[in-house]
Amino acid sequence: MWKLIKPEEIKDNVFQAIGKDWMLITAGTEEKANAMTASWGGMGILWRKPVVTAYIRPQRFTKGLVDAQDTFTLSFYEEAYRKSLNYMGTVSGAQEDKIAGGGLTLKLFDGVPAFEESRMVLVCKKLYTQELKEECFLYPELIEQNYAQKDFHTMYIGEVMQVYVKESDK
């Protein structure tokens, strides 16, 4: 059973949820959706709105779907889904149906795809996109450590429109 909460009611430690537990960035339609695992991002307040930041490399299949839509979701999972998250982060949706391969069940939240197995889903509206640029980095070691191929991420800032949390069956 899903419950709608306000963004300020999220109880998660953002550093843990994104950086350690990981999340899926999902976009598309009911007919054509894709997701990718991410461990970079953030949550906060910008322009007086609750927002998330998500980062996608140019070669990721999901990027085209995020670019084509006004909305995307970020979804978070229990540790039991680590294997699925790992799979979703290593297989390309351009080559196969990785949603089926990851053992996940597509579910629309306000018309935006995410997954039934998640414990929390943030439905986000894109507000801003920006490609990270080499000349804007202040420390060259960040490029050396993260961008050997010069495949700089695109940053997406999305307004958190809805937050759904799974209620326990207890």
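Coordinates for the structure precede this section.
Residues numbered from 1 in each chain as written. Predicted model: local features only at pLDDT ≥ 70, side-chain atom pairs only at ≥ 80, totals over all residues. Heavy atoms only, no water.

Honestly, the nonpolar core in this entry has me stumped. Any pointers?
A general trend in soluble globular proteins is that nonpolar side chains are found buried together. The biggest cluster of nonpolar side chains holds 24 residues, and the ones touching the most others in it are Ile25, Phe72, Leu74, Phe76, Leu122 and Val163. When contributions to this core are tallied by element, the ones reaching two or more residues are helix H1 (14–20), strand E2 (23–28), strand E3 (33–38), strand E5 (49–56), helix H2 (61–68), strand E6 (71–76), strand E9 (120–131) and strand E10 (154–166). Ranked by residues supplied to this core, first place goes to E10 with four residues. Ignoring any residue separated from it by four or fewer positions in sequence, one finds Leu74 in contact with Met23, Leu24, Ile25, Val52, Ala54, Met120, Val121 and Leu122. Membership of the second largest hydrophobic core comes to nine residues, among which are Leu24, Ala35, Met88 and Ile99. (Core = buried A, V, L, I, M, F, W, Y, C linked by side-chain atoms within 4.5 Å. Buried < 20%, exposed > 50% of the residue type's maximum accessible area, 1.4 Å probe, protein only. Helix = DSSP H or I, 4+ residues; strand = E, 2+ residues; numbered from the N terminus. Contact = heavy atoms within 4.5 Å.)

Quick question: what am I supposed to make of a nonpolar patch on the surface here?
There is a patch of nonpolar side chains on the surface, built from Leu46, Trp47, Leu127 and Tyr128 and spanning about 350 Å² of accessible area. Take Leu127: its relative accessible area is 32%, and that puts it in the partly exposed class. (Patch = residues over 30% accessible without salt bridge, like charges linked within 9 Å, V, L, I, M, F, W, Y side chains within 5 Å. Areas by Shrake-Rupley, 256 points an atom, 1.4 Å probe, with all protein chains shown as cover. Salt bridge = Lys/Arg side-chain N within 4 Å of Asp/Glu carboxyl O.)

How should I be thinking about helix H3 (residues 82–90) in this particular structure?
Every α-helix winds through 3.6 residues per turn, so residues three or four apart in the chain are directed the same way. Looking at H3, one finds that the buried residues are Ser84, Leu85 and Met88. End-on view of H3: buried residues confined to an arc of 100°, all on one side of the axis. Residues of H3 that are exposed and point more than 90 degrees away from the buried face comprise Lys83 and Thr90. The elements touched by buried residues of H3 are E2, E3, helix H4 (98–101) and strand E8 (112–115). (Arc of directions from axis to C-beta.)

Bear in mind that shape data such as this cannot, by itself, settle questions of function.
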